[in-house]
Amino acid sequence: MTTHWTLHPDRALPAEPSLRRLAREIYDSVRDLPIISMHGHVEAELLAANEPFPDPAELLVRPDHYLVRALVAAGVPHGALGVGRPGTPDVETDPREIWRTFCEHWRLFRGTPTRYWMEDVLAERFGVDAPPSAESADVLYDEIAARLATDAYRPLALLDTFGIEIIATTDAATSDLRHHRDLAERGWGERIVPTFRPDAVVHPGRPGFAAEVDALEEASGIAIGTYGDYLDALRQRREHFIANGARATDHGHLTADTTPLEPAEAERILLAGRRGEATQEESLAFAASMLLEMARMSSEDGLTMQLHPGVLRDHHPGTFAARGADVGFDIPVPVDYVNGLRPLLSELGTHPDLRLVLFTIDETTFSRELAPLAGVYPAVRLGAPWWFLDTPDAMRRYREAVTDTAGFANTTGFVDDTRAFFSIPARHDLARRVDAGYLARLVAEHRLGLDEALETAVDLVQTLPRAAYPPARALGRPVP
Amino acid sequence: MTTHWTLHPDRALPAEPSLRRLAREIYDSVRDLPIISMHGHVEAELLAANEPFPDPAELLVRPDHYLVRALVAAGVPHGALGVGRPGTPDVETDPREIWRTFCEHWRLFRGTPTRYWMEDVLAERFGVDAPPSAESADVLYDEIAARLATDAYRPLALLDTFGIEIIATTDAATSDLRHHRDLAERGWGERIVPTFRPDAVVHPGRPGFAAEVDALEEASGIAIGTYGDYLDALRQRREHFIANGARATDHGHLTADTTPLEPAEAERILLAGRRGEATQEESLAFAASMLLEMARMSSEDGLTMQLHPGVLRDHHPGTFAARGADVGFDIPVPVDYVNGLRPLLSELGTHPDLRLVLFTIDETTFSRELAPLAGVYPAVRLGAPWWFLDTPDAMRRYREAVTDTAGFANTTGFVDDTRAFFSIPARHDLARRVDAGYLARLVAEHRLGLDEALETAVDLVQTLPRAAYPPARALGRPVP
Amino acid sequence: MTTHWTLHPDRALPAEPSLRRLAREIYDSVRDLPIISMHGHVEAELLAANEPFPDPAELLVRPDHYLVRALVAAGVPHGALGVGRPGTPDVETDPREIWRTFCEHWRLFRGTPTRYWMEDVLAERFGVDAPPSAESADVLYDEIAARLATDAYRPLALLDTFGIEIIATTDAATSDLRHHRDLAERGWGERIVPTFRPDAVVHPGRPGFAAEVDALEEASGIAIGTYGDYLDALRQRREHFIANGARATDHGHLTADTTPLEPAEAERILLAGRRGEATQEESLAFAASMLLEMARMSSEDGLTMQLHPGVLRDHHPGTFAARGADVGFDIPVPVDYVNGLRPLLSELGTHPDLRLVLFTIDETTFSRELAPLAGVYPAVRLGAPWWFLDTPDAMRRYREAVTDTAGFANTTGFVDDTRAFFSIPARHDLARRVDAGYLARLVAEHRLGLDEALETAVDLVQTLPRAAYPPARALGRPVP
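Everything quoted here is computed from the prediction, not taken from an experiment.

Helices and strands together make up the secondary structure of chain A, namely 21 helices and 11 strands. The C-alpha radius of gyration of chain A comes to 23 Å, within 12% of the 23 Å expected for a compact globule of 480 residues. Referenced to the eigenvectors of the C-alpha coordinate spread, the extents of chain A come out at roughly 70 × 60 × 45 Å. Across the 480 residues of chain A, 63% fall into the buried class. Considering only contacts in chain A between residues 6 or more positions apart, those separated by 24 or more positions represent 77%. Summed over all atoms, the accessible surface of chain A reaches about 15600 Å², with 52% contributed by carbon and sulfur. Chain A carries 48 positive and 73 negative side-chain charges, and their two centres are separated by 3 Å.

What follows is the structure in structure tokens.
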């Protein structure tokens, strides 16, 4: 370990020399542009507290479900990674032990995006001397821990180090946004903004729904006796979010269904849910109808609407019971966007003040459904390849699948969607590399001029995300 | 604008030098072969009238739904492009204004096939001096308009200029084919042939069905009292088409279902349809059953049968009401070919005189369903990548997805399927380039000899389309 | 034909020179490693008899359904290839005529894997002088026939020639495994092992089910009066297989459903099936439930469980009636793995002693369902691309689609799954080439070190198949 570990500057660019030259030129032109991170899962509380990160395991291992799932698949128990519900007996509490377990299994990550991101984190963010291994684990742990103890590695300082121009958190509809207000008072209000996520208050069949609606009443100051009261309370919360800088909403649903319910039927299911009596079928119907209501509100208040359907959460009940959510057992399922979104798009798809950003983890929908929809409906934009798909090869396939039919202008640019704070620069950097490779091919095949490719690269990094996520009161969609 | 705008001769060929050398050699060998255009939407009336095209907007913008949809997605109203039902107040009528709107948005098309085709049209067909832009719009308009006023740019002259050996139009089952007869009398009967499209008379639930069946009675001279009469009337129309040179039928259905109805049930739905009382479900069941009837007739009269399922037409009802059909809001939906076609293929899939050409706009079916079906059923051939899929990248994916299982011999070669007359040479040229690139890779990876690749390139351009669409009386499938 | 026909040593490696250099180095490092063939359809009887293969047609044409289907699609009748049920009048019986028919149609196979494998067989295994053609057919026939008459071309000798370390046959649950015992007595027990395939005894709605259960009673020595007896009989058979060296079971089902039945309901359907009265729906429900039972047994006895769902067998009833099964008319259909497998995985997906290997012929499931499942469930491993997908391009797409989410460690390495004995080395060799090309790209894009790629190549050929198919009594999953 006498030489410093360095990554190749051309990593993830195409291998063929003429493509690589072009790709490098395009990539270099956007490499250092600031990061616009409009969809993520970093907690506002973490940023507001601005405490040093506790340790390498808590920072890099435990909360990263990509990483956790790969170790679990290899037979490493969740507990050995410190993952478990409170009170689970086998949960490792020594972060150094957790870190060692990760390092010993480094070879498992060959060929995966976790490997790619983690190399960037370790070599570029922490400047460690060697890749993880059983031998290097303790040295790496100490190197990282030492850095984390310095002020330069506190969360807010890292926003500057990482070049993050703006970062959006994801927040419950009932949140008081106290941490955002706190940050705003300290001058961070323009850079750290909340996102309105109402999933918990629109699924009447989920455990805890009644308490969520109680919290909604309290947060909004509106007593919810009727469906109209409920909608008013949600409008109040959206205004609260907008007042605190929010630019978008986010919706994680099982399907893309947006069929409206009659208000009386919606009210019946809402009240049944408060009594703990809504069925699973009623819950999905209500949630579908609420997607349309949320779109209506977005067309009025200007919050960009983000939809993430098609994930079957917690596929393994035993793991959910022992370890909780977000531990690697969420699995994609097919989604019917074309029929599901038809009610919403029939009513609002050409509304000049709605921006609906669609995500998927089913690649088959890119060319069959999402590019055709985004390529004609003014309100629809196609989000970045998400979750299982934000990888070198899947991001390339995304461009190849959607550009023909949706162009670049109907896409939003990259979002990182991550809980892993330190991986944010690596993820954006990788997206810039992959897009540069794609643009290089268009240039090399004489399908696009190099000047246009350079302009498009900037569009993908800056112009398009800014246009997709404007401040909520800036209504009207600018034609690019 | 002092230098002429030229396109790179190697556009859309692979970038890697050794592949490009091979691809260029293969492409050069077929570049100038005549165009066989067996599926398109150019109107026979346009060809028979042989009048100059009215203006650049009417020629290149208004009827091109690829182009229109991209502008609509960017917030340009249909009206600004001259698209609207008669009487819609906002429809722009100045073609120069429409052309300017298009030119100002040229950058929207980056990375799309519309960009690729339009470059070819403007630079190669019209020899304009510069790409479209706000600045160049008027000059381009005048250059194109001046060309269109010359005899060399009349439709029939262009068939020679474009090297079109034969072009098939698409015609209603009730058409009297007067324009084809007119053209035949002037010696164009071998080069301009009709295609029998009975969609309007096989969907009893559609508005206007009763009038369509009345028209069928009148056109055929057969009073339709029973289901048998109805089939006889269709047979009469097919004979009329064959007598006027038709080689194929074409069927645009929502699904690929071919389940037969009992004749009594079919008659009941037919008569209900004439009374305007057929349900949507009955309509689809009748249409499915009619696909099987059409296949039976094709096995008897030798018309190649083309099936285009899986498009949900007019997804946005408001746009359909204000702007009509074919304005960009048709969206693909999944299709089950394997079960849907089973009744038809069980009865006729090995019939020596049936040729059934299958199309899709759902790429997932290429390797899972269509290549396996085309790769074993003698009657089935796989059509070209269609509509959203006739793009540089999607055409490459098509070859990569189907050749393993269906080879080349069970495909039909390229069809352009376009309303945009001037894009026909660009589309065929692009297909030849993409196929050359695919064949070059097989050669470079030592999976095919160069001599074989050169032969295959000619097969794709000439041998296979001729074999798939022979004159209707030439029954029996030649083994290639 | 004066020069020997040689294949290019770099065939199926990437064309780009820097990738090819890397790929060749990686490929060279595994080219000569022994073949581990853990899933195939070579018959134990053929190996035990160790007679010379009868003739080129019987060896290379008649039983190869890839090859047969391509000729059938071109209009060659099954009979001309010697394919037909006993007594069918048109079945060609002269092997030389069958061979000629194949050779005359050689160009049909351009671009297909059959072409690739057959080139390898003819040039590398038989050393013939020229590719097949009408002219070369008789010479080739004689050359091959002469080789087949020598002792070096007897089946067991070829195991050595081909470098086959171990080969698994596929055997009915009721088999007495006499040929395996015979081989074991002659010292081949470690290299030729059976696979337990219970499909015929778990589908109560299939013709012949009653006789199959009778045979199960006889083979197991257990009278089957109850569902419990039936399970006991299956357990007995599994033990018999294990005692004869079996390492795995194999299950070919229409769907991936694993919903359990109540034992009383299972017994009712079982007994209905023995009376010939089980419906198709009951049959599928029983088979689904039995997948879960089989997984339970595998978690106890250590047989690796292989699942091959999603094939609609014998799509064309007329061909099935005249020609029998496995003659080219099996077609893929979509499969829902995520919901289908949920009962099984909820119960056993984290069981340390279960290994469930999943296969598909629907490529869309690789990134959407199978890689996410294999990438988290310890019991799940992702099988090789199968059947229509074991081709140069589809194998490359497989790695690109699954590695991001499942890595290499959750895959099993290649299985050939073939009836075509002579194609076994070609198929494994091709898989090694394609994987080398994929690994070369990772190295060239600086996503993996060359040393790691070399190690991974060996993992794919040796480490992973050995870990996925250990001797059945070696329970517990080693963490790689």
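Glancing now at empty space enclosed by the protein. Residue and element names in this part refer to chain A. Counted under the stated rule, the structure contains 17 cavities of 30 Å³ or more. Approximately 220 Å³ is the volume found for the second largest cavity. In terms of lining residues, the second largest cavity is bounded by 22 residues, among which Gly413, Phe414, Ala431, Asp435 and Leu460 are the most central. Secondary-structure elements contributing two or more residues to the lining of the second largest cavity are α1 (17-30), β1 (35-37), α19 (392-406), α20 (424-444) and α21 (450-468). Here the residues of the lining of the second largest cavity are counted per class, giving 17 nonpolar, 2 polar and 3 charged.

Turning to the interface of chain B and chain A, a few remarks are in order. By a widespread convention, an interface's size corresponds to the accessible area lost as its parts come together. Listed by partner, the interface residues are 49 residues for chain B and 45 residues for chain A. A combined buried area of about 3800 Å² lies between chain B and chain A, and 53% of that area is made up of carbon and sulfur atoms. It is B:Ala73, B:Arg110 and B:His315 in chain B that bury the most area against chain A; as a group they hold 17% of the surface buried on that side. Linking chain B with chain A are 9 salt bridges. Note that A:Arg447 and B:Asp393 form a salt bridge whose closest N and O atoms lie 3.3 Å from each other. The tally of links between chain B and chain A comes to 23 residue pairs in polar contact (both at pLDDT 80 or more). Contributions of two or more residues to the side of chain B that touches chain A are made by α1 (17-30), α4 (65-73), α6 (113-125), α14 (317-323), β9 (331-332) and α18 (392-406) of chain B. With 5 residues, α18(B) is the single largest residue contributor to the side of chain B that touches chain A. Each residue belonging to the side of chain B that touches chain A can be placed in one class, and the counts come to 24 nonpolar, 10 polar and 15 charged.

Now for helix α18 (residues 364-374) of chain A. Most of α18(A) sits out of view: 11 of its 11 residues are buried. Within α18(A) the residues assigned to the buried category are A:Thr364, A:Thr365, A:Phe366, A:Ser367, A:Arg368, A:Glu369, A:Leu370, A:Ala371, A:Pro372, A:Leu373 and A:Ala374.

Residue and element names in this part refer to chain A. For the structure on display, the rule yields 147 salt bridges over all chains. In this structure, the salt-bridge partner of Arg31 is Asp32, at a minimum N-O distance of 3.5 Å. When its relative accessible area of 64% is taken as the criterion, Asp32 is described as exposed.

Next up on the list: the environment of A:Leu19. Here A:Leu19 lies in helix α1. C-alpha separation for the pair A:Leu19 and A:Gly437, spaced 418 residues apart in sequence, amounts to 7.2 Å. Apart from residues no more than four positions distant in its own chain, A:Leu19 is found in contact with A:Pro14, A:Ala440, A:Arg441, A:Ala444 and B:Ala15.

Right, let's get into the interface of chain C and chain A. Taken together, the contacts link 45 residues of chain C with 50 residues of chain A. One salt bridge connects A:Arg115 with C:Glu452, and the closest N-O pair in it is separated by 2.8 Å. Summed over the shared surface of chain C and chain A, the result is 23 residue pairs in polar contact (both at pLDDT 80 or more). When residues of the side of chain C that touches chain A are traced back to their parent elements, those giving at least two are α1 (17-30), α16 (337-340), α17 (342-348), α18 (364-374), α19 (392-406), α20 (424-444) and α21 (450-468) of chain C. Among the elements that make up the side of chain C that touches chain A, the one with the highest residue count is α18(C) (8 residues). By residue class, the composition of the side of chain C that touches chain A is 18 nonpolar, 14 polar and 13 charged.

Residues and elements named next belong to chain B. Turning to its location among the elements, Val402 is positioned in helix α18. With 63 residues separating them along the chain, Val402 and Pro465 place their C-alpha atoms 17 Å apart. If we skip the residues at most four places from it in the chain, Val402 touches Phe366, Ala371, Leu382, Gly407 and Thr411.

What follows is about the packing of aromatic side chains. On inspection of all chains with the given rule, the structure shows 69 aromatic pairs over all chains. Plain terms: the ring middles of A:Phe196 and A:Phe241 are 5.1 Å apart, the flat faces sit at 80° to each other, and that makes the pair edge-to-face. Highlighted residues: A:Phe196 in strand β5 (residues 196-197) and A:Phe241 in helix α12 (residues 227-243), separated in sequence by 45 residues. When its relative accessible area of 0% is taken as the criterion, A:Phe196 is described as buried. Exposure remark for A:Phe241: the relative accessible area of 0% places this residue in the buried category. Ring centres of B:Phe162 and B:Phe421 lie 5.6 Å apart, and the angle between their planes is 50°; on these two criteria the pair is classed as tilted. Here B:Phe421 lies in the loop between α18 and α19 (424-444) and B:Phe162 lies in the loop between α8 (155-161) and β2 (164-168), a separation of 259 residues in the sequence. Per residue, the accessibility class of B:Phe162 equals that of B:Phe421, and both read buried.

Another point: the sheet that holds β2(B). Residues and elements named next belong to chain B. A sheet is described by the order of its strands in space; here 3 strands give the open sequence β1-β2-β4, paired in parallel fashion. Unpaired on one side and paired on the other, β1 (35-37) and β4 (192-193) mark the two borders of the sheet. As judged from the 2 bridges shared by β2 and β4, these two strands associate in the parallel manner. Paired with Ile167 across the bridge in β4 is Ile192. Where α19 meets the sheet, its contacts fall on β1 and β2, and the angle it forms with β1 comes to roughly 110°.

Okay, the relation of the copies chain C and chain A next. For the pair of chain copies, the relating transformation is a rotation about an axis with a translation along it. With an RMSD of 0.0 Å, the fit of chain C onto chain A corresponds to turning through 120° and sliding 0.0 Å along the axis. Accordingly, the operation relating the two chain copies is best matched by a three-fold axis. Of the interface residues in chain C, just 4% have counterparts in chain A that sit at the interface too, so the contact is made through distinct surfaces.

What counts, and where the lines are drawn
Residues numbered from 1 in each chain as written. Chains lettered and ligands numbered in written order. Predicted model: local features only at pLDDT ≥ 70, side-chain atom pairs only at ≥ 80, totals over all residues. Heavy atoms only, no water. Helix = DSSP H or I, 4+ residues; strand = E, 2+ residues; numbered from the N terminus. Rg over C-alpha atoms; globule rule 2.2 N^0.38 Å. Buried < 20%, exposed > 50% of the residue type's maximum accessible area, 1.4 Å probe, protein only. Contact = heavy atoms within 4.5 Å. Areas by Shrake-Rupley, 256 points an atom, 1.4 Å probe, with all protein chains shown as cover. Lys, Arg positive; Asp, Glu negative; His and termini not counted. Charge placed at Lys NZ, Arg CZ, Asp CG, Glu CD. 1 Å grid on protein atoms, 1.4 Å probe; cavity = no way out; pocket = protein on both sides within 12 Å on 5 of 7 lines; lining within 4 Å. Points joined across faces, edges and corners; volume = space filled by probe spheres on them. Nonpolar A, V, L, I, M, F, W, Y, C, P; charged D, E, K, R; others polar. Buried area = accessible area lost by both parts, 1.4 Å probe. Salt bridge = Lys/Arg side-chain N within 4 Å of Asp/Glu carboxyl O. Polar contact = N/O pair within 3.5 Å; in protein donor to acceptor, adjacent residues only side chain to side chain. Phe/Tyr/Trp six-rings, centres within 6.5 Å; stacked < 30°, edge-to-face > 60°. Pairing = 2+ DSSP bridges. Axes fitted to C-alpha atoms, helices over the stretch in contact; angles between N-to-C directions. Least-squares fit on C-alpha atoms with pLDDT ≥ 70 in both.

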